[in-house]
Each structure stands twice: as structure tokens, then as C-alpha cells.
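A structural walkthrough
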Amino acid sequence: MKLTKRAMMGALVFAPAIVGLNRIAQAVAAKTLKISHQFPGGTADAGDFRDRLCRKFAAAVEAKTQGEIACEVHPASSLVKTVAQFSQMSQGKLDMSLYPLAYGGGEVKELNIALMPCLVTSYEQGLAWRSAEIGRELNATIEKAGVKILTWVWQAGSVASRAGAVVDPKDVKGLKIRGGSREFDLMLKAAGGVISSLPSNEIHNAMQTGRLDAAITSATSLVSFEVEDVTKNLTTGRGKSFWFMLEPLLISKTVFDALTPAQQAALVEVGESLVPFGLASAKADDQAIADIFLKEGARIHDMTSATVENWRGIATETAWREYASRTPDCARLLKLAQEVKA
């Protein structure tokens, strides 16, 4: 059918309105995901790399979905308090979080394996979990609790002390020390430490006021929370470490399952693409912390294979044994994790 000049002019008149309506429909359909974490905020190019990873994820997802999904990053526990973030994701009340997985051990006992002393002793060993049976079983446990891993991030631990150096088990005797998990606390207590439990973002104040003598956490956290001014001795994780924490980027299963298959695929692909960034950044911070603390006058120490083995002897008789006794699933996860060699 041949269009008349009047019909063609009418179509041109209504075309902008149709385009405008399409844009409005797209805007209405767009979904915003809120990402919460406990760490200091920055930009995609500067600051704590865990905050940067969240911002890189947000930008990449928005680009990949052509604006269908936007993400807001809420640092410094400004949206949800630190420990509560896992339960909030489980209930579908929080969309996403970059979260120290062991913090969720109060909700799901099995998650304490994510910060088990002397179980993971290298980045390569930790990341090998992804394709091993331990990774599949851990993913299933997390998803059963209503949460899903998008990006695997492991971090080695460093020990900041306002007292003497903490390298061997004998060094913690009488020290008020923060280990970061129930399992670490069991090992440290057996070595003679006085246990103090608090999130990493409270370490500086506790050390400054004398409530804490030493703390074990990631190099990135020690730098971000500016602990160098209250530290006399630092034991780094740049070589060997008895402390490795799984600190992944997570999403609520309720939220994830409500997305279209294409949107789900986009989030999974972007999340996986950021694993190398997390690894490189964590390793860089392990070295950077030594330089920063040395400049502030702290004495720098490193662990050896022998000192890690000294700690492992205590860990297996305390933390490992207690964890395995909790549930059959805990025992199975511990056994599977031991099959992945350093």
C-alpha cells in the first residue's frame, strides 16, 4: 500500500513521541541494585580495592545490560551494619555486598571455613577452590542460605601489634588480640592470647585506646583503617601466612532469581571477570603495607613455612577439630578443603 503525503507527515509527527515513550518504558524497567560493604569509600580508580571492585562491577554491569541494571555502592556500612549484611541478603532485604564470608558463620555454621587458620596458605590454593569439589559444595551451602557468589576474592592476613612482634605461637601469650573469626580465636586462645572480637573497621580505635594489643586482618583493611600510627610491629602476609579470608562479592538469591536470564548471565560474567583484579590488588597490598608501616617506624616481619606449621599444629587440635564436630556438613567441607593442596 502506497502511503499518502499526509500519512507520512503524521507518522513523522508521532515518531518522536513513540521514541520518548520507549525511553520512558526503558527507564521504568531499569533496576537499581544496592551494594553494601564495610570498607572506606573511594572511586573506581583510587582507594580500598574492595570498594573499587564494587564500583568497577557497577559500571561494567550497567554497560553490559545497556542501562537495564544500575548499581549503587554504599561503603562504610552506611546502608546496613557490617555483620548483618549476610542475613539481610538471605532475606532479600539487601541486594548485594562484598562481605567477609566468615562473618556469616553465626547464621550458617559452615561458612566459618572461609577463615580457617592454616587451611589456605596461598592465593593460588584459595582460588583453586572455585573449580574443586570444596568450591561446588560451598557454593551450594551459600545458595541454600539464599545468597550467591559472583566474584571470588581471597586476602592474606597481616598482624599489626602495638606490643611485640607476632610471628610464632609463643608471641601471643598475654596479648589482647583480634583474630577475625571464631576459629582463629580458638587457636589464639590455645596459644595464650586474650581474645577480643570486633569488626576490622573498629581495630584502630581499640588499639589506640588500649583495648587491643594486636589484630590480624587483611593488609587492605590495615591500610584503609590507618592502623600504622598505632603499630610498632607488623607481620605481613606477602610470603607465607596462616590467615587467608574468603571475601567475595555476593548477591541475594531472591534478587538474582528475579532478574531475566540475560541479566543474570551479565552479572555472572562481570563478576567472574573481576577475579584477576581482586587477586592482583590483594597481592599488591600485601607488599604496600610493609612499605607504608616501615615509613611510619614499625618493624617489619614475615612468616616462614616453619612458623606456619607451628601454628597449624595448634589449629588442627583446636579450630579444625571444633569446626568438624559441629555438623556433618562442616566435617565434609573441611575434608574437601584439605584435598586442595597449597
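Scoring rules and cut-offs
- Residues numbered from 1 in each chain as written.
- Predicted model: local features only at pLDDT ≥ 70, side-chain atom pairs only at ≥ 80, totals over all residues.
- Heavy atoms only, no water.
- Helix = DSSP H or I, 4+ residues; strand = E, 2+ residues; numbered from the N terminus.
- Buried < 20%, exposed > 50% of the residue type's maximum accessible area, 1.4 Å probe, protein only.
- Areas by Shrake-Rupley, 256 points an atom, 1.4 Å probe, with all protein chains shown as cover.
- Expected span 1.5 Å × (residues − 1).
- Contact = heavy atoms within 4.5 Å.
- Pairing = 2+ DSSP bridges.
- Axes fitted to C-alpha atoms, helices over the stretch in contact; angles between N-to-C directions.
- Phe/Tyr/Trp six-rings, centres within 6.5 Å; stacked < 30°, edge-to-face > 60°.
- Lys NZ or Arg CZ within 6 Å of the ring centre and 35° of its normal.
- Parallel < 35°, antiparallel > 145°, perpendicular 65-115°, else oblique.
- Left-handed = near helix turned anticlockwise from the far one by under 90°.
- Salt bridge = Lys/Arg side-chain N within 4 Å of Asp/Glu carboxyl O.
- Core = buried A, V, L, I, M, F, W, Y, C linked by side-chain atoms within 4.5 Å.
- Arc of directions from axis to C-beta.
- pLDDT = per-residue confidence, 0-100.
- Nonpolar A, V, L, I, M, F, W, Y, C, P; charged D, E, K, R; others polar.

**Thoughts on the overall build of the protein**
Counting its regular elements, the protein contains 13 helices and twelve strands. A total of 342 residues make up the protein; the buried ones form 53% of that total. When the accessible area of the protein is evaluated, it comes to approximately 15,000 Å², of which 55% is carbon and sulfur surface.

**A look at helix α5 (residues 133–144)**
Note on helix geometry: an α-helix contains 3.6 residues per turn, so any two residues three or four positions apart are oriented the same way. Here α5 contains twelve residues, and its C-alpha end-to-end distance of 16 Å stays within 8% of the 16 Å for a straight helix at 1.5 Å per residue. Those residues of α5 hidden inside the fold are in contact with β4 (147–151), β10 (244–246) and α13 (328–338). In the stretch just after α5, glycine 146 is the one whose phi turns positive, near 95 degrees.

**Things to note about the pairing of strand β11 (residues 249–252)**
Burial of β11 is two-sided: the residues Leu249 and Ile251 facing one way and the residues Leu250 and Ser252 facing the other way are all buried. Pairing geometry for strand β3 (residues 96–98) and β11, over three bridges, is antiparallel. Within the sheet, the bridge partner assigned to serine 97 lies in β11 and is leucine 250. Here β4 pairs with β11 via four bridges, running antiparallel. Directly across from isoleucine 149, in β11, lies its bridge partner leucine 250.

**Thoughts on the sheet that holds β3**
The pairing of strands in a sheet comes from backbone hydrogen bonds and takes either a parallel or an antiparallel form. Spatial strand order, β2-β1-β3-β11-β4: five strands in an open sheet with mixed pairing. Each of the sheet's edge strands pairs with one partner strand only, and the pair in question is β2 (69–74) and β4. On average, adjacent strands in this sheet sit at an angle of 30 degrees to one another, irrespective of strand direction.

**Concerning the packing of aromatic side chains**
Each aromatic ring pair is characterised by the separation of its centres together with the angle its planes make. A complete count under the given rule lists eight aromatic pairs for this structure. Note on phenylalanine 184 and tryptophan 243: the rings are 6.4 Å apart at their centroids and 55 degrees apart in plane angle, and the pair reads as tilted. A residue pair is termed long-range when its members are at least 10 positions apart, and phenylalanine 184 in helix α6 (residues 182–190) and tryptophan 243 in the loop between β9 (233–236) and β10 qualify at 59 residues. According to the relative accessible area criterion, phenylalanine 184 is buried, its value standing at 0%. Among the aromatic residues, those joined into a ring-pair cluster are Phe184, Phe242, Trp243 and Trp311. Geometry around phenylalanine 39 places arginine 50 over its ring, the cationic atom sitting 3.5 Å from the centre.

**Description of the packing of helix α2 (residues 49–64) against helix α10 (residues 261–273)**
Taken N-terminus to C-terminus, the directions of α2 and α10 make an angle of 140 degrees; their axes are 10 Å apart at the nearest point. Considered as vectors, α2 and α10 are oriented oblique to each other. Relative to α10, α2 is oriented so that their crossing is right-handed. Packed against α2, whose contacting residues are Phe57, Ala60, Val61 and Lys64, the element α10 presents Ala266, Leu267, Glu269, Val270 and Gly271 at the interface.

**Looking at the pattern of salt bridges**
Proximity of charged atoms lets side chains of opposite charge pair with each other. Counted according to the given criterion, the structure contains 21 salt bridges. Between lysine 253 and glutamate 143 there is a salt bridge, and its shortest N-O distance comes to 4.0 Å. Note that lysine 253 is positioned in helix α9 (residues 253–257) and glutamate 143 in helix α5, a separation of 110 residues in sequence. Assessed through its relative accessible area of 27%, glutamate 143 is described here as partly exposed. Between glutamate 322 and arginine 182 there is a salt bridge, and its shortest N-O distance comes to 2.8 Å. In this pair, glutamate 322 is assigned in helix α12 (residues 305–324) and arginine 182 in helix α6, connecting sequence segments 140 residues apart. Classification of glutamate 322 by relative accessible area gives partly exposed; the value is 21%.

**Quick notes on the nonpolar core**
Grouped together as the largest cluster of nonpolar side chains are 104 residues, with contacts concentrated most on Phe57, Trp129 and Phe242. Of the residues forming this core, the biggest block, seven residues, is contributed by α12.

**Focus: α13**
If you check which residues of α13 are buried, you get Cys330, Leu333, Leu334, Leu336 and Ala337. The buried residues of α13 all sit within an arc of 165 degrees when viewed along its axis, so they share a single face. Facing away from the buried side of α13 by more than 90 degrees, the exposed set consists of Pro328 and Lys335. Close packing links the buried residues of α13 with α5 and α12.

**A closer look at the confidence of the model for the protein**
Summary statistics for the protein give a mean pLDDT of 92 and a share of 92% for residues scoring 70 or more. Here residues 11–28 is a poorly scored stretch, pLDDT under 50, and it has zero contacts once near neighbours within four places are set aside; other chains count.

**Describing the environment of aspartate 213**
By the secondary structure assignment, aspartate 213 is in the loop between α7 (203–208) and β8 (214–218). Sequence-wise, aspartate 213 and glutamate 317 are 104 residues apart; in three dimensions their C-alpha atoms are separated by 25 Å. Ignoring sequence-local partners within four residues, the contact set of aspartate 213 consists of Ala160, Ser161, Arg162, Ala163, Gly174, Leu175, Lys176 and Met207.

**What to know about the packing of α5 against α13**
Interhelical geometry of α5 versus α13 gives an angle of 150 degrees and a closest axis separation of 8 Å. If you check the angle between α5 and α13, you find them roughly antiparallel. Between α5 and α13 the crossing geometry is left-handed. For the pair α5 and α13, contact is made by Glu133, Ile134, Glu137, Leu138 and Thr141 and by Arg332, Leu333, Leu336 and Ala337, respectively. Among the residues forming the contact of α5 with α13, the class breakdown is five nonpolar, one polar and three charged.

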